Amino acid sequence: MESQEEVEDIQPETLNRIYYLGKLESNVIHTPRDAKEILQEGKAEVIANEEGDRNIPSILAYVEGEEYHGTQAKNQLVRNSKNTVAYFRDYLGKDFSAIDPTPCQASAHPQKHDSTVAFSIQDTESESPNTVTVSEIATRHIRRLAASASDYLGRRVNAAVITVPTNFSDEQKEALSKAAKDAGIEVLQMVSEPTAAILAYDARPEAELKDKIIVVADLGGTRSDVAVIASRGGIYSILSTKHDYETAGAQLDQVLIDHFSKEFIKKHKTDPRQNPRSLAKLKLEAEATKKALSLGGNAVLSVESLADGVDFASTINRTRYELLAGKVFSSFVNLIKETIQSADLDILDVDEVILSGGTSHTPRISSSLQSLFPPETRILSPSTLPTAVDPASLSARGAAIQASLISEYDSEDIEQSTHPAVTVTPHLANAIGIMTVSEDVKRGVFTQLVTKDTAVPCRRAIVMNAPKGGGDVIVKLCEAEREIEVTKPEPKPKTNGAAKKDDDDDDDSDLDDDDSDDEPEEIRKKIWKVGKPLAEIAVREVKKGGKVEVTVNIAADMGVQITAREVGGKGGVRGALEKPKPAENGTAS
């Protein structure tokens, strides 16, 4: 038979070990295959607003009663910060005591209003400020987005699929739905942002639909969200998530702010960070410089009247920038590593890494991940893949694809399809595969058939080569656990040189010896720890050079059927495992 992976025996496991994912539902009604059919007729397109912006910041600003939105509003952070509302999304549905107002230091400050969050701004021509709740701000923002889409399409937009972070609570989702409803938008469905990002890639015609582990790193301006997702037959299951407000694009901006501030201090003995207006100017230009360094090797920062009426201009190259921001880049990598570990997985288990969010354009982040993961792991980002989707528009594309898939469904059908009774399904805690034994492989060969974290019901099939001589073929259905085998190579022996070099060469020779004596990196590989068979069947009198097809069906109640037959032959053999008994906590034991 074809050799796959040799295994080591361990104590038997049972198929009864399953778990439920609770409220971490995938939120996907259709499979990527359905999305491909939709996209054959057209393609998802991220449209621009009236100002030509496709990446629209969630910022609103008011000048003499006139409302500014997106990038135009962001520019008002310098001149009109008190009437500019920014970074309000995470405040929706929260009590004032539970929010972190730090990101709003350079904009309108959040205030308590009937236990919720509000802003005091002059949003009319009146000189007296008005108290506007965060829900109303969200409604105005959504209304502007819907108006831009309606103008572009030439017809009114009245429904949408909205993406949300994985840590959005039910109260936050309800508040967002209410804000959208007040804006005249019916929320067809809320999709988690990492799920939408994966759908944007899996819906492409060239995408290969297979079982895989995907890490989605959404690296934004004020927060980073990382999710580990198991894709099994087009069903997405979130295994772990982490959220970090201290690791984001703002920290990279701060590195540049500090660098240029020190230059300004040396020349003019004034710290521009001490003046709110000067700091706001520097923040906007530092962000633009960061984006320029993502595209080229050098960038120029130029600020008119930065402080005390003094104009400032300076340059920086990418190498210097990456050295200054080394700790920040390391924190991005560490956040991803920690999320993988929290899912009880190893770096070797990851098949794809999808970089999402505007900060993902930074080449250094992609190169660091390439060094972290094995060569087989695909890093999907603009600097590693020419055909990569724009990271800043991944969630929007995924939401658009999902909207096209469910647009013909009634709201009741959508609610039933996304109800926890449907989306919260049992998943396999261990991989299931078949063990085949032949005379030349005494310990057996294990072939994984159903991967860990697969939602049930499911069906998998495989065709194997029978022994060359034919005869009876024994197929054993087993449960197995993946383990990481670490091999540390022996250090290279030190050599004692017979001849001495000149004194001038002593330092160089010492450096060479240090380099040569560096311990080689450890070798890590995946191995299978396989238990005793759960079921065993035999296919009799297989022809020489024949093939055997094995099919495993796992029902929703965890009952298992295994079928084996000779390809091209008559009949077959079928076995069954009874469903496990549920435990009191709702899982099987």
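Residues numbered from 1 in each chain as written. Predicted model: local features only at pLDDT ≥ 70, side-chain atom pairs only at ≥ 80, totals over all residues. Heavy atoms only, no water.

As annotated in an unreviewed UniProt entry, the chain is Hsp70 protein that interacts with Zuo1p from Ramalina farinacea.

Across its full length, the chain holds 14 helices and 27 strands. Looking at the chain residue by residue over its 589 residues, the buried ones come to 45%. Of the accessible surface of the chain, which amounts to about 30,900 Å², a share of 46% is contributed by carbon and sulfur atoms. (Helix = DSSP H or I, 4+ residues; strand = E, 2+ residues; numbered from the N terminus. Buried < 20%, exposed > 50% of the residue type's maximum accessible area, 1.4 Å probe, protein only. Areas by Shrake-Rupley, 256 points an atom, 1.4 Å probe, with all protein chains shown as cover.)

A word on helix α2 (residues 71–79). Taken residue by residue, α2 has A73, K74, Q76, L77 and V78 as its buried positions. Elements in contact with the buried residues of α2: β3 (59–63), β4 (66–69), β5 (84–86) and α7 (276–295). (Contact = heavy atoms within 4.5 Å.)

Within the chain, residue pLDDT values average 83, and 83% of them lie at 70 or more. In the model, residues 583–589 has pLDDT below 50 throughout and makes 14 contacts with residues more than four positions away in sequence or in other chains. (pLDDT = per-residue confidence, 0-100.)

With that settled, consider the environment of G220. Along the chain, the position of G220 falls in the loop between β11 (212–219) and β12 (224–232). By relative accessible area, G220 is classed as buried at 16%. Through-space distance from the C-alpha of G220 to that of T359 is 5.6 Å; in sequence the pair is 139 residues apart. Not counting residues up to four positions away in its chain, the partners in contact with G220 are A248, G249 and T359.

Right, let's get into the packing of aromatic side chains. Throughout the structure, instances matching the rule amount to four aromatic pairs. Taking the centre distance of 6.4 Å and the plane angle of 70 degrees together, the rings of F260 and F312 count as edge-to-face. Linking F260 in helix α6 (residues 249–268) with F312 in strand β15 (residues 310–317), this pair joins segments that are 52 residues apart in sequence. One exposure class covers both F260 and F312, and it is buried. Ring geometry for F446 versus W528: centroids 5.3 Å apart, planes at 55 degrees, classification tilted. (Phe/Tyr/Trp six-rings, centres within 6.5 Å; stacked < 30°, edge-to-face > 60°.)

With that settled, the discussion passes to the environment of V567. For V567, the location among the structural elements is in the loop between β26 (560–566) and β27 (573–577). The exposure class assigned to V567 is partly exposed, which follows from its relative accessible area of 40%. With sequence-adjacent residues up to four places away left out, V567 is seen in contact with V463, K547, V548 and E549.

Residues V456 and P457 are joined by a peptide bond in cis, for which omega reads 5 degrees. With respect to the helices and strands, P457 occurs in the loop between β20 (441–450) and β21 (458–465). The backbone of D114 shows a phi angle near 55 degrees, a positive value even though the residue is not glycine. Of note, D114 is situated in the loop between β6 (110–113) and β7 (116–121). With relative accessibility at 67%, the residue D114 sits in the exposed group. At D308, a position not held by glycine, the phi torsion is positive, near 55 degrees. Among the secondary structure elements, D308 is positioned in the loop between β14 (298–307) and β15. Of the residues examined, D308 reaches a relative accessible area of 65% and is grouped as exposed.

To continue, consider the sheet that holds strand β8 (residues 130–133). What the three strands build is an open sheet, ordered β6-β7-β8; its pairing is antiparallel. For this open sheet the edge positions go to β6 and β8, each flanked by a neighbour on one side alone. Geometrically, the sheet is characterised by an average inter-axis angle of 50 degrees between neighbouring strands, direction not taken into account. Here β7 pairs with β8 via four bridges, running antiparallel. Considered in β8, the bridge of I121 is made with N130. Sheet contacts for helix α3 (residues 134–153): β7 and β8; angle to β8, the most-contacted strand, approximately 75 degrees. (Pairing = 2+ DSSP bridges. Axes fitted to C-alpha atoms, helices over the stretch in contact; angles between N-to-C directions.)

Enumeration according to the criterion identifies 24 salt bridges in this entry. Of the charged contacts in the structure, one is a salt bridge between R378 and E352, with a shortest N-O distance of 3.3 Å. Of this pair, R378 sits in strand β17 (residues 378–380) while E352 sits in strand β16 (residues 352–356), and the two are 26 residues apart along the sequence. Judged by its relative accessible area of 41%, R378 falls in the partly exposed class. Beyond isolated ion pairs, a larger network of salt bridges with shared partners links R89, D90, E193, R223 and D225. (Salt bridge = Lys/Arg side-chain N within 4 Å of Asp/Glu carboxyl O.)

For the rest of this paragraph, the subject is the side chain of S395. Counting through the fold element by element, S395 comes out in helix α11 (residues 394–406). Residue S395 is classed as buried on the basis of its relative accessible area, which comes to 13%. When near neighbours in sequence (up to four residues on either side) are disregarded, S395 contacts T163, E193, A196 and S356.

What follows deals with the packing of helix α9 (residues 326–342) against helix α10 (residues 363–372). Packing of α9 against α10 leaves a shortest axis separation of 10 Å and a crossing angle of 45 degrees. The angle between the axes of α9 and α10 places the two elements in the oblique class. Once α9 is placed against α10, the crossing between them reads as right-handed. On α10, the residues touching F329, F332, V333, I336 and K337 of α9 are R364, I365, S368, L369 and L372. (Parallel < 35°, antiparallel > 145°, perpendicular 65-115°, else oblique. Left-handed = near helix turned anticlockwise from the far one by under 90°.)

Looking now at the nonpolar core. In terms of nonpolar packing, the biggest core is built from 43 residues, with L369 and F373 touching the most fellow members. The dominant element in this core, judged by the number of residues it contributes, is α9, at seven residues. Other than its neighbours up to four places away in sequence, L369 contacts V333, I336, V353, L355 and I379. Ranked by size, the runner-up nonpolar core spans 30 residues in total, among them L60, F88, A138 and A179. (Core = buried A, V, L, I, M, F, W, Y, C linked by side-chain atoms within 4.5 Å.)

Strand order in the open sheet formed by four strands is β21-β25-β26-β27, with antiparallel pairing between adjacent strands. If you trace the sheet from one side to the other, it starts and ends with β21 and β27, each paired once. For this sheet the average axis-to-axis angle between neighbouring strands, irrespective of direction, equals 15 degrees.

An α-helical turn contains 3.6 residues, so a residue and the one three or four places further along point in the same direction. Most of helix α5 (residues 193–202) is tucked away: ten of the ten residues are buried. For α5, the complete set of buried residues consists of E193, P194, T195, A196, A197, I198, L199, A200, Y201 and D202.

We now examine the side chain of N83. On the secondary structure map, N83 appears in the loop between α2 and β5. A polar contact is formed between the side chain of N83 and the side chain of N80, at a distance of 3.2 Å. Among the polar contacts made by the side chain of N83, one reaches the main-chain amide nitrogen of Q122 at a distance of 2.8 Å. Those residues within four positions of N83 in sequence are excluded, and the remaining contacts are L60, A61, Y62, I121 and Q122. (Polar contact = N/O pair within 3.5 Å; in protein donor to acceptor, adjacent residues only side chain to side chain.)

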